[in-house]
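As a plain string of letters, each chain reads:
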Amino acid sequence: MATFGRVGHAAMLARMRPTAVLVLATLALATLACDATTPGTFPPEDPALAAANAASGDPFRGLFPLADALAGLPEKGALHATIETDAGAIHCELLVDETPLAVANFVGLARGLRPFRDASGEWVTRPYYEGLAFHRAEPRLFVQGGKLGSGELGYWLQDERSIGTAFDRPGMLALANDGPNRSNAEFFVTTVANRSFDGQYTILGYCDDPLVVRELERRVLAGEAATITSIAITRE
């Protein structure tokens, strides 16, 4: 295998023909273009999933617009969610640039703007999370909530696996799922760092108030009630 020894990149390029340099530069730019994403841009639509969502009656085909979700909020600033519970408030910052599709859905549901199909089979619009329970927990791992009935809301979201997002700290807010492209409203908040979750779940943001999260985890594990009172969305 050939090596360049002590010859640096600049010297190596200087010895190459202009055509070869141009080819390498073009390949490098192409690689960067493949890896780069525009902040706040939805992933390309999955045609099969969008068609299934439309057939189920979702007018947005699983792609609730971010602009609709943020309507009436300031145009700039960090996006925050305050999850009020009967154990206290959890304050989170949402990653609107990294996972805009999931954030638009979460914010739209919380603000009562994103339609969903309720237990009656009717499509409704109301603040989705109010009064729902934290229903699942894994000790020293996470607490999960936001499930309505069977969890079938008439649509599923495409997964978003953004470069740079990881379960590298406690308090990560993410969507629960039943497999690839099988998430909608259920979310969980971690109580420890757990890198084994990386690449498996869409991360919505990160939260403070670890004592509240751990108390919710404790209550669920003990079979006690743990309820979402409301979720308020602000931008500042």
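Here's a quick rundown of the structure. Bear in mind the structure is a predicted one, so any value in this text is a computation, not a measurement.

## Things to note about helix H6 (residues 210-221)
Thought 1: With twelve residues, H6 should cover 16 Å at 1.5 Å per step; its first-to-last C-alpha distance of 16 Å lies within 8% of that length.
Thought 2: Taken together, the buried positions of H6 are Val212, Val213, Leu216, Glu217, Arg219 and Val220. Around the axis of H6, the buried residues are gathered within 165° of arc, so they sit on the same side.
Thought 3: Taken together, the buried residues of H6 touch strand E1 (79-85), strand E2 (88-94), strand E5 (134-138), strand E6 (142-145) and strand E8 (187-190).
Thought 4: Taken from the residues just after H6, Gly223 is the one with a positive phi, measuring 80°.

## Some remarks on the pairing of E1
Thought 1: The buried count for E1 comes to five of seven residues, which makes it a mostly enclosed element.
Thought 2: Bridging between E1 and E2 involves seven bridges; their strand directions are antiparallel. Paired with Thr82 across the strands is His91, a residue of E2.
Thought 3: Adjacent in sequence and paired antiparallel, E1 and E2 are bridged by two residues.
Thought 4: Pairing of E1 with strand E10 (residues 228-235), which is carried by seven bridges, proceeds in the antiparallel orientation. Residue pairing across strands places Leu79 opposite Arg235, the latter belonging to E10.

## A closer look at the environment of Ala166
Thought 1: Mapping Ala166 onto the fold places it in the loop between E6 and strand E7 (172-175).
Thought 2: When the C-alpha positions of Ala166 and Phe197 are compared, they lie 8.0 Å apart, and in sequence the two are 31 residues distant.

## Quick word on the pattern of salt bridges
Charged atoms that come close allow side chains of opposite charge to pair.
Thought 1: Evaluated as defined, the whole model comprises ten salt bridges.
Thought 2: Taking the shortest distance from any N to any O, the salt bridge between Glu138 and Arg136 comes out at 3.8 Å.
Thought 3: You can call Glu138 partly exposed: its relative accessible area is 31%.
Thought 4: The shortest N-O distance in the salt bridge between Glu224 and Arg218 comes to 3.1 Å.
Thought 5: Among the charged side chains, a salt-bridge network with shared partners connects Asp86, Glu215, Arg218, Arg219 and Glu224.

Cut-offs used in this document
- Residues numbered from 1 in each chain as written.
- Predicted model: local features only at pLDDT ≥ 70, side-chain atom pairs only at ≥ 80, totals over all residues.
- Heavy atoms only, no water.
- Helix = DSSP H or I, 4+ residues; strand = E, 2+ residues; numbered from the N terminus.
- Expected span 1.5 Å × (residues − 1).
- Buried < 20%, exposed > 50% of the residue type's maximum accessible area, 1.4 Å probe, protein only.
- Arc of directions from axis to C-beta.
- Contact = heavy atoms within 4.5 Å.
- Pairing = 2+ DSSP bridges.
- Salt bridge = Lys/Arg side-chain N within 4 Å of Asp/Glu carboxyl O.

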